[in-house]
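Given next are the chains, with one letter for each unit.
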Amino acid sequence: MNENIGKLLIKQIILFSILIIAIVSTGVLYYHYVEGLSFVDAFFFTAITISTVGYSMPETLSNTGRIFTSILIFMGISVVLYGVSSVTAIVVEGKLSDYMKERRNRKMIERLENHIIVVGAGKTGQYVIAELIREKEKFLIIDNKEENIKKLLEMYNIEVPYVIGDAAEEDILLNSGIMKARALITTLPEDSVNVFVVLSARTLNPNLTIISKVTDVSSIRKLIYAGATTVVAAAEIAGTRMARLITRPESVNFVDLFAFGNEQYRIEEVKVNKNSGIVDKKISDLDVGKKFNVLILAINRFGDIIFGPSGNVEINNNDVLMIMGKKDNIDKFKEFVKA
């Protein structure tokens, strides 16, 4: 829609310019070849005629020339009124404003890099976006209905780039900067559409991390074949959690504290690289509990999970630490690990 507004604006400007050039050219040619004025005088007289400034007419002007001049005046007034009314319509109807918003949106998309693409601005998409906002991630939204996106942006009072269209189409994904993106999350309600989105995204960017929602668990295999990295079955997760609220309520409530409670609390992963100052150091030497008020829950060492590591365990290069604590404290620990 905004793209059409931009094209309409340009088309109206071009049409107005063509009409002005046509009228001026007609006047100059007539006054030069028929009335015998020089090109400079012909142009000058055409200009004051169209603008209705009101200078006196040349004494040599014929009766035919007077009729032509009258017609030229009416044509000039009509074109000017058309131009003014067109510009007024653009401003009054908000077309110019919409066009400028579209330009700003395109600029934001062009600057995106290593971002996350969220497909679908429905209920699931809203929760995904809320979490990405809390984590201060760069993301872009794709939905085929502009009103869904606008409603969501107003809900969270944010300005993020978006693309309107069918995410299963390659052009839409390319417009969203998929070649520079690091992940895609598709939350559409129809499993078949999610399959097409995943397939298109995987074809365009083989290194992309793709997370897909699934409604019917029988579609999980199709999404995996299409190229999804991880498939989330909403019904299965909801059903399992509901059952565990009865069978193991204490453990579920404890996990909820970090998943759905105070947003300051988190369980996050921290990657250790070879330049980190904690490589080859024991956990007890780091004293992370006192210094950062965080807890190391586990270590992922090339797929081998060490749960509840003791103080004697040494941190190796490429270890992934699972940390629990407040968000601010985890951020401080991350900076410490990078040093």
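None of the values given here were measured: they were computed from a predicted structure. (Residues numbered from 1 in each chain as written. Predicted model: local features only at pLDDT ≥ 70, side-chain atom pairs only at ≥ 80, totals over all residues. Heavy atoms only, no water.)

## Concerning the UniProt feature "transmembrane region" (unreviewed entry) in the chain
1) Next: Using the residue numbers shown here, the UniProt feature "transmembrane region" (unreviewed entry) corresponds to residues 12-31, 37-55 and 67-92.
2) Next: Along residues 12-31 the backbone is 100% helical and 0% strand, and the end-to-end C-alpha distance reaches 29 Å. (UniProt positions renumbered as here; feature names shortened; annotations may be inferred. Helix = DSSP H or I, 4+ residues; strand = E, 2+ residues; numbered from the N terminus.)

## Some points on the sheet that holds strand β3 (residues 162-164)
1) Next: Read from one edge of the open sheet, six strands run β3-β2-β1-β4-β5-β6, paired in parallel fashion. Two strands in the sheet have a free side with no partner beyond their single neighbour: β3 and β6 (230-233). Along the sheet, successive strands turn relative to each other by an average axial angle of 15°, direction set aside.
2) Next: With four bridges joining them, strand β5 (residues 209-214) and β6 adopt parallel strand pairing. (Pairing = 2+ DSSP bridges. Axes fitted to C-alpha atoms, helices over the stretch in contact; angles between N-to-C directions.)

## Quick word on a nonpolar patch on the surface
1) Next: The grouping of Leu-29, Tyr-33, Val-34 and Phe-39 at the surface amounts to a nonpolar patch, some 440 Å² of accessible area in total.
2) Next: Summarising the element assignment, Tyr-33 is placed in helix α1 (residues 2-33). (Patch = residues over 30% accessible without salt bridge, like charges linked within 9 Å, V, L, I, M, F, W, Y side chains within 5 Å. Areas by Shrake-Rupley, 256 points an atom, 1.4 Å probe, with all protein chains shown as cover. Salt bridge = Lys/Arg side-chain N within 4 Å of Asp/Glu carboxyl O.)

## Considerations on the pattern of salt bridges
1) Next: A complete count under the given rule lists eight salt bridges for this structure.
2) Next: In this structure, Glu-102 engages Arg-106 in a salt bridge whose closest nitrogen and oxygen atoms are separated by 3.7 Å. Taken together, the residues Glu-102 and Arg-106, both in helix α4 (residues 95-111) and four residues apart, mark about one turn of the helix.
3) Next: Judged by its relative accessible area of 12%, Glu-102 falls in the buried class.
4) Next: Residue Arg-106 is classed as partly exposed on the basis of its relative accessible area of 35%.
5) Next: Glu-159 is the salt-bridge partner of Arg-104, the closest N and O atoms lying 2.8 Å from each other. Remark: Glu-159 occurs in the loop between α6 (146-156) and β3 and Arg-104 occurs in helix α4; sequence separation between them is 55 residues.
6) Next: Taking the relative accessible area as the measure of exposure, Arg-104 reaches 41% and is therefore partly exposed.
7) Next: With relative accessibility at 52%, the residue Glu-159 sits in the exposed group. (Buried < 20%, exposed > 50% of the residue type's maximum accessible area, 1.4 Å probe, protein only.)

## What to know about the side chain of Glu-35
1) Next: Mapping Glu-35 onto the fold places it in the loop between α1 and α2 (39-50).
2) Next: The buried charged residue Glu-35 lacks any salt bridge, with Arg-66 as its nearest oppositely charged partner at 8.4 Å.
3) Next: Only 2.8 Å separates the side chain of Glu-35 from the side chain of Ser-62, close enough to count as a polar contact.
4) Next: Once residues lying within four places of it in the same chain are set aside, the contact partners of Glu-35 are Tyr-30, Thr-60, Leu-61, Ser-62 and Gly-65. (Lys, Arg positive; Asp, Glu negative; His and termini not counted. Polar contact = N/O pair within 3.5 Å; in protein donor to acceptor, adjacent residues only side chain to side chain. Contact = heavy atoms within 4.5 Å.)

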